[in-house]
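# Notes for the structure review
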Amino acid sequence: MIGWLAAHGRALGQALRRLRRQAFGTLLSALVIGLALALPATGLALFERLQSLAASVNTTPQVSLFLKESSGRDDRNRLERNFQADAQLASVSFVSRDTAREILARNGLADILDTLPANPLPDGFVLTLKSADPAAFQAVADRYRADAAIEHVQVDSLWVQRLDALLAFGRTVMLLLAGLLGTALVIITFNTIRLQLLTRQEEIEVSRILGATIPFIRRPYYWFGGLQAFAGGLIAWGIADGLLALMAPEVRRIAETYGAIFSLHRLDLLQVTGLLAFSTLLGLAGTGLALRRHLRAA
Amino acid sequence: MIEFQEVSKRYPGGHLALAGVSFTIRHGELLLLSGHSGAGKSTLLKLIAAIERPTEGRVMMNGQDVGKLRADAIPYLRRKLGLILQDHRLLMDRSVFENLVLPLEIAGQSAREARKRAQAALERVGLKDRGGELPITLSGGEQQRVAIARAIVNRPAVLIADEPTAHLDPDYARDIAHLFQSFNDAGVTVIVSTHDPSLFCNARGRTLRLAQGVLTDEETS
Ligand SMILES: Nc1ncnc2c1ncn2[C@@H]1O[C@H](COP(=O)(O)OP(=O)(O)OP(=O)(O)O)[C@@H](O)[C@H]1O
Ligand SMILES: [Mg+2]
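These notes cover the structure that comes with them. Just so it is clear, the structure is predicted and the values come from calculations on it, not from any experiment. (Residues numbered from 1 in each chain as written. Chains lettered and ligands numbered in written order. Predicted model: local features only at pLDDT ≥ 70, side-chain atom pairs only at ≥ 80, totals over all residues. Heavy atoms only, no water.)

With that settled, the discussion passes to the site of ligand 1. All names here are of chain B. Lining the immediate surroundings of ligand 1 are 14 residues, of which Ser37, Gly38, Ser42, Thr43 and Gln86 lie closest. Side-chain polar atom of tyrosine 11 to a nitrogen atom of ligand 1: 3.4 Å apart, as the coordinates give it. Contact distances for ligand 1 include 3.0 Å between an oxygen atom and a side-chain N or O atom of histidine 15. In isolation ligand 1 exposes 630 Å². Once the protein is present, 66% of that is buried. At 3 residues, helix 1 (residues 41-48) tops the list of elements feeding residues into the shell around ligand 1. Residue classes in the shell around ligand 1 are distributed as 3 nonpolar, 9 polar and 2 charged. (Near = heavy atom within 4 Å. Polar contact = N/O pair within 3.5 Å; in protein donor to acceptor, adjacent residues only side chain to side chain. Areas by Shrake-Rupley, 256 points an atom, 1.4 Å probe, with all protein chains shown as cover. Helix = DSSP H or I, 4+ residues; strand = E, 2+ residues; numbered from the N terminus. Nonpolar A, V, L, I, M, F, W, Y, C, P; charged D, E, K, R; others polar.)

And the structure:
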């Protein structure tokens, strides 16, 4: 164990010396890696955040019915009887115009409501359906739209489903992009290590003659490739954080136009860990491929 | 103890470099290997270090068949040997001292121990103050000494040198020969190939003569 640690300590030292000697080249490679990973990292963080937002919105699909100003007690009773007979409905709740006003006031619109001479909101019903099938919504909506007492029918929450699907699609695209650019990372590291191996043929051969084992020869390259990719991961982190910070005000403004309060966060610990592990592992993979190709046994 | 049993070596391409060579090297011996260019001296020495493998026959070292060692066991065999190849193969992009430290690092010595031993080896070959220089700035004879120092830093029980006196003027060659004799005096088994066995004029020396891959003659001086 101690011997193993010492061997890795030595290999790390060697790798760091090589990094320093080729500081500029290493920096360039790390930058390329960082730039390549920044896009999927930012995209995934963005979509994850939006998805969690979408999930936090009530996604039980509902149909809202708004009653005409002229409708009365009789209309309400008649409709409630109809609802009871409707096999497609799971539950129904009545939202009076006063309750509706309270809800809006609680959501930060109190100022606006106060400026109005009277409550502009109608009475309404919120219908929850048994099925989540959009066709069922359309059927229910059509059925009640025809009613004389009903002013307006609104199918809620379908947009959330659509948004969800859209976000899932965006996320998939970002994952594919991460895979693609991850491959680029492997290739960049492969090439760096390949060039090193070619210029160090003599050292490798002499080391073999002096009794170096294959792991002894490999170790510094793994450290080098791993560290370079890790540095690339750090750069990607910095870029992604910067991009998210730049986008945050825009996103907040858009969210506000939908009446939502939403802010973009910087990458969280799990995402940063994932990003760094992803880049480091791919760096090690690229190194492994180069070693396998260019380090002949014995 | 090193024993060659009917060893033949045919290189890919078909050239037969050694043909049925048998002999034994005892512990603590000084063995000279002579013969014309192309006789197979380098090949024979490389077989001991498992740099080449025999086509036929066996090379035994302390009861182990060197030719049948697994690839991952070979490094441990080589660490027990001090090797000076014909083209001494110093690393020209690093200092003399760093060249000497390399085999110690490979053997897993601590940095402090490595520095100590490298310095001692440098002194042993008479290059005490040259550690900081690049090998390229040294003369051929000095480079040869660095190669010798690199071979002895790990204090091997067996020292193998392939024509360490070639291309040196006679005085310098004699100095190098003396160096090997002094290692042998200290109990190290020494195997040296040379065009000129007369450089080594010690009493214990045994000379094997190779001609076109065949052992033709053995003499003890
Ligand atoms: N790697 C190789 N591939 C093919 N043939 C080889 C190889 N190495 C040596 N030979 C051949 O084997 C024969 C013996 O070579 P070797 O190097 O052992 O001779 P030597 O006695 O050391 O010669 P010298 O005194 O010139 O160093 C030579 O004919 C040489 O051409
Ligand atoms: Mg030779």
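Our focus in this paragraph is the environment of serine 193 of chain B. All names here are of chain B. By secondary structure assignment, the location of serine 193 is in strand 8 (residues 189-193). The exposure class assigned to serine 193 is buried, which follows from its relative accessible area of 0%. A C-alpha to C-alpha distance of 27 Å links serine 193 and arginine 130, two positions 63 residues apart in sequence. Once you skip the residues sitting within four places of it in the chain, serine 193 turns out to touch Leu33, Lys41, Leu45, Ala161, Asp162, Glu163 and Pro164. Within polar-contact distance, the side chain of serine 193 engages the side chain of aspartate 162 at 2.6 Å. In terms of polar contacts, serine 193 uses its side chain to reach the backbone amide nitrogen of glutamate 163, at 2.9 Å. (Buried < 20%, exposed > 50% of the residue type's maximum accessible area, 1.4 Å probe, protein only. Contact = heavy atoms within 4.5 Å.)

It is worth spelling out the interface of chain A and chain B at this point. Taken together, the contact pairs 15 residues of chain A with 18 residues of chain B. Both faces combined, the contact of chain A with chain B buries some 1,600 Å², and carbon together with sulfur accounts for 60% of it. Considering only the surface of chain A that becomes buried against chain B, Arg10, Ile209 and Leu210 of chain A emerge as the three largest contributors, covering 40% of it. Applying the counting rule to chain A against chain B returns 3 salt bridges. In this structure, the salt-bridge partner of arginine 94 of chain B is glutamate 203 of chain A, at a minimum N-O distance of 2.9 Å. Across the contact surface, chain A and chain B share 6 residue pairs in polar contact (both at pLDDT 80 or more). Take the side of chain A that touches chain B: its biggest share by element is 7 residues, from helix 7 (residues 201-209) of chain A. Grouping the constituent residues of the side of chain A that touches chain B by class yields 6 nonpolar, 3 polar and 6 charged. (Buried area = accessible area lost by both parts, 1.4 Å probe. Salt bridge = Lys/Arg side-chain N within 4 Å of Asp/Glu carboxyl O.)

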